[in-house]
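# Results of the structural survey
What follows is the residue order along each chain.
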Amino acid sequence: MPAFAGLILAAGYSTRMGHDKALLPWRGETFLSAAIHSLEPFTDFVLVVAGDNAPVLRPIIDGLGVSLIQNPDPARGQFSSLRVGVTEVLNRGRDTAIITLVDRPPASRETIATLKETFLRQLISPGRTKEAANNLWALVPEFQVRHGHPYIAGRELIEAFLRAPEGVTGRDVEHANQAHVAYLPVNDPYVTANVDTPEEYEALVGGVKREG
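Structure report, in brief. (Residues numbered from 1 in each chain as written. Predicted model: local features only at pLDDT ≥ 70, side-chain atom pairs only at ≥ 80, totals over all residues. Heavy atoms only, no water.)

Another point: the overall build of the chain. Of the regular secondary structure elements, the chain holds 8 helices and 10 strands. For 212 residues, the compact-globule estimate of 2.2 N^0.38 gives 17 Å, and the C-alpha radius of gyration of the chain, at 17 Å, lies within 12% of that figure. Principal-axis analysis of the C-alpha atoms gives the chain an extent of 50 × 40 × 30 Å. When the 212 residues of the chain are sorted by exposure, 54% land in the buried category. Restricting the contact set of the chain to residue pairs at least 6 apart, pairs at least 24 apart contribute 72%. Counting only carbon and sulfur atoms, one obtains 51% of the accessible surface of the chain, whose full area is about 10,200 Å². (Helix = DSSP H or I, 4+ residues; strand = E, 2+ residues; numbered from the N terminus. Rg over C-alpha atoms; globule rule 2.2 N^0.38 Å. Buried < 20%, exposed > 50% of the residue type's maximum accessible area, 1.4 Å probe, protein only. Contact = heavy atoms within 4.5 Å. Areas by Shrake-Rupley, 256 points an atom, 1.4 Å probe, with all protein chains shown as cover.)

In terms of nonpolar packing, the biggest core is built from 35 residues, with I8, L32 and V48 touching the most fellow members. When residues of this core are traced back to their parent elements, those giving at least two are β1 (4–9), α1 (31–39), β4 (46–50), α2 (54–63), α4 (109–124), β7 (138–143) and β10 (181–185). Counting residues per element, this core draws most heavily on α4, at 6 residues. Membership of the second largest hydrophobic core comes to 26 residues, among which are F79, V89, A138 and V181. (Core = buried A, V, L, I, M, F, W, Y, C linked by side-chain atoms within 4.5 Å.)

With that out of the way, let us pick up the packing of aromatic side chains. For the coordinates displayed, the defined rule picks out 5 aromatic pairs. When the ring of F31 is compared with that of Y201, the centres are 6.2 Å apart and the planes differ by 80 degrees; the resulting orientation is edge-to-face. Of the two residues, F31 is situated in helix α1 and Y201 in helix α8 (residues 198–211); the sequence distance between them amounts to 170 residues. For the pair F31 and Y201, a shared accessibility class is recorded, and that class is buried. Plain terms: the ring middles of F79 and F161 are 6.0 Å apart, the flat faces sit at 75 degrees to each other, and that makes the pair edge-to-face. Of the two residues, F79 is situated in helix α3 (residues 78–91) and F161 in helix α6 (residues 155–163); the sequence distance between them amounts to 82 residues. For F161, a relative accessible area of 1% translates into the label buried. Aromatic rings pair up to connect W26, F31, Y190 and Y201 into one cluster. (Phe/Tyr/Trp six-rings, centres within 6.5 Å; stacked < 30°, edge-to-face > 60°.)

Judged by how many residues are buried, strand β6 (residues 96–101) sits mostly within the fold: 6 of 6 residues are covered. Residues T96, I98 and T100 of β6 are buried on one face, and the alternating residues A97, I99 and L101, pointing to the opposite face, are buried as well. Examined bridge by bridge, β1 and β6 share 6 bridges and lie parallel to one another. Bridge assignment links L9 to a residue of β6, and that residue is L101. (Pairing = 2+ DSSP bridges.)

This brings us to α2. In an α-helix, one full turn covers 3.6 residues, which means residues spaced three or four apart are oriented alike. Along α2, the positions that sit buried rather than exposed are A54, L57, I60 and I61. What you see down the axis of α2 is that its buried residues fit within an arc of 125 degrees, all on one side. For α2, the exposed residues set more than 90 degrees away from the buried face come down to P55, P59 and G63. Of the surrounding secondary structure, the elements contacted by the buried residues of α2 are β3 (29–30), α1, β4 and β5 (67–70). Downstream of α2 by one or two residues, G65 has phi in the positive range, about 70 degrees. (Arc of directions from axis to C-beta.)

Another point: α1. Among the 9 residues in α1, 8 count as buried, and that is most of the element. Turning to α1, its buried residues number three or more, namely F31, L32, S33, A34, A35, I36, S38 and L39.

Here we come to the side chain of N53. Along the polypeptide, N53 turns up in the loop between β4 and α2. At a separation of 2.8 Å, a polar atom in the side chain of N53 contacts the main-chain carbonyl oxygen of A10. At a separation of 2.8 Å, a polar atom in the side chain of N53 contacts the side chain of D20. When near neighbours in sequence (up to four residues on either side) are disregarded, N53 contacts A10, A11, G12 and D20. (Polar contact = N/O pair within 3.5 Å; in protein donor to acceptor, adjacent residues only side chain to side chain.)

This is the structure in structure tokens:
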């Protein structure tokens, strides 16, 4: 049975937003605290990978009792933060990670529960051969034909991330191992939400207010 860790990548510079996206208000919280709360029920612990913004994020991280892991060179890009994070997942004795980004609203708990249940069912369903179970390295949510976050990475994909040469991205590694990646359609637009600018954030918040 896999042991799950939660991993939030939060080391970006938020250049186009103008201030740290992790701290954007979201339904009485921030993007960061909401992401932490979304993963906690489904994981043994949650890790947040920060960069130069670690001092700004630490009060939230410490206040919620999760762990801050610092990327020593965040300028190398998001994939460097991913590798820092999954290395710590393995170091702490877990072999599977639910991975998300901090620059967006979190997926619903129902979505995350469905992802985890589906991943486990495909691994350990009765009659499933060991070879078939080993063929599943990752499960990625899909909304309207677009792939998103959070996704589940098993040990095999984690090790592929760590073996990858410099200059590649997490998406490159996923595509190189496409035969081992499954996609799960979900009815949750937040898995593909992308908030890079103040205008995109205002549109997102305005949509939530109209829904309310």
